[in-house]
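Next come the chains, spelled out residue by residue.
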Amino acid sequence: MRVILLSIILFFSHQSYSQKKFQLQQKDQTQIKINAVNDFEKLEITTSKNSKIQVIDSIETSITDKEMHVAIEDYNFDGYKDFSVYRLDDGMGVYTIYQIFIYNPTNGKFKALQIPVNCNPECDEFCDVQINPKKKTLQSSCRGGAGWHIDIWKFDKNKNLILLKK
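Remember, it's a predicted structure, so these values are computed and weren't measured experimentally.

(A) Quick look at the overall build of the protein. Helices and strands together make up the secondary structure of the protein, namely one helix and 14 strands. Scored against the burial criterion, the 166 residues of the protein give a buried share of 36%. For the protein, contacts bridging at least 24 residues in sequence account for 39% of all contacts bridging at least 6. When the accessible surface of the protein is split by element, carbon and sulfur atoms take 52% of a total near 10,400 Å².

(B) Main features of the state of the cysteines. Applying the stated criterion across every chain yields a total of one disulfide. Disulfide partner of Cys 123: Cys 142, at an S-S distance of 2.2 Å. The sign of the -100 degrees torsion about the S-S bond sets the Cys 123-Cys 142 disulfide as left-handed. Taken together, the positions of Cys 123 in the loop between strand E9 (109-112) and strand E10 (126-127) and Cys 142 in strand E12 (residues 137-144) put the pair 19 residues apart, joining distant regions of the chain. Take Cys 123 and Cys 142: they sit in the same class, and that class is buried. The closest cysteine sulfur to the non-disulfide-bonded Cys 127 is located on Cys 142, 5.5 Å from its own sulfur.

(C) A look at the layout of surface pockets. If you add up the space inside the largest pocket, you get close to 440 Å³. Around the largest pocket, the lining comprises 19 residues; the ones closest to its centre are Ile 102, Lys 111, Ala 112, Leu 113 and Lys 159. Elements represented by at least two residues in the lining of the largest pocket include exactly strand E8 (96-104) and E9. A breakdown of the residues in the lining of the largest pocket according to their chemical character gives nine nonpolar, six polar and four charged. If you add up the space inside the second largest pocket, you get close to 230 Å³. As for the second largest pocket, its lining consists of 14 residues, of which Glu 60, Tyr 98, Gln 99, Leu 113 and Gln 114 are closest to the centre.

Parameters and conventions
- Residues numbered from 1 in each chain as written.
- Predicted model: local features only at pLDDT ≥ 70, side-chain atom pairs only at ≥ 80, totals over all residues.
- Heavy atoms only, no water.
- Helix = DSSP H or I, 4+ residues; strand = E, 2+ residues; numbered from the N terminus.
- Buried < 20%, exposed > 50% of the residue type's maximum accessible area, 1.4 Å probe, protein only.
- Contact = heavy atoms within 4.5 Å.
- Areas by Shrake-Rupley, 256 points an atom, 1.4 Å probe, with all protein chains shown as cover.
- Disulfide = S-S within 2.5 Å.
- 1 Å grid on protein atoms, 1.4 Å probe; cavity = no way out; pocket = protein on both sides within 12 Å on 5 of 7 lines; lining within 4 Å.
- Points joined across faces, edges and corners; volume = space filled by probe spheres on them.
- Nonpolar A, V, L, I, M, F, W, Y, C, P; charged D, E, K, R; others polar.

Pasting the structure below:
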């Protein structure tokens, strides 16, 4: 019974959504609404900062129709809520692939977090992402051949993503 109760608590403590519309409020009281159009073909984002709609049409959806989800987290540890779109991999469904979008409080827009070009991580995308708020790191783990690989990421003082360990 304790295991079931703990599982339910853990499930509901993580803000994760599979619906098509969700909203969030930033620490500066900015209201944000995100609408997934045509099964996440694109995202339409509106904020209370301006009346313009930001469109993100670079969502990598599943080619095998795996369900898409959204998680709201502070991925870059700046106190503002970011979000990710994630799904199981299209192979055996062994790991979860994330596309992370970082909020810019200056212009009220989200930008896709990219793996820096010259860092040579073990994983070529963000997989099974885990956040460590105390160390302010992101961990990505993926499978390669018969083994698992882990990349640990951190943001530098200029908010650039750097690879700490692979």
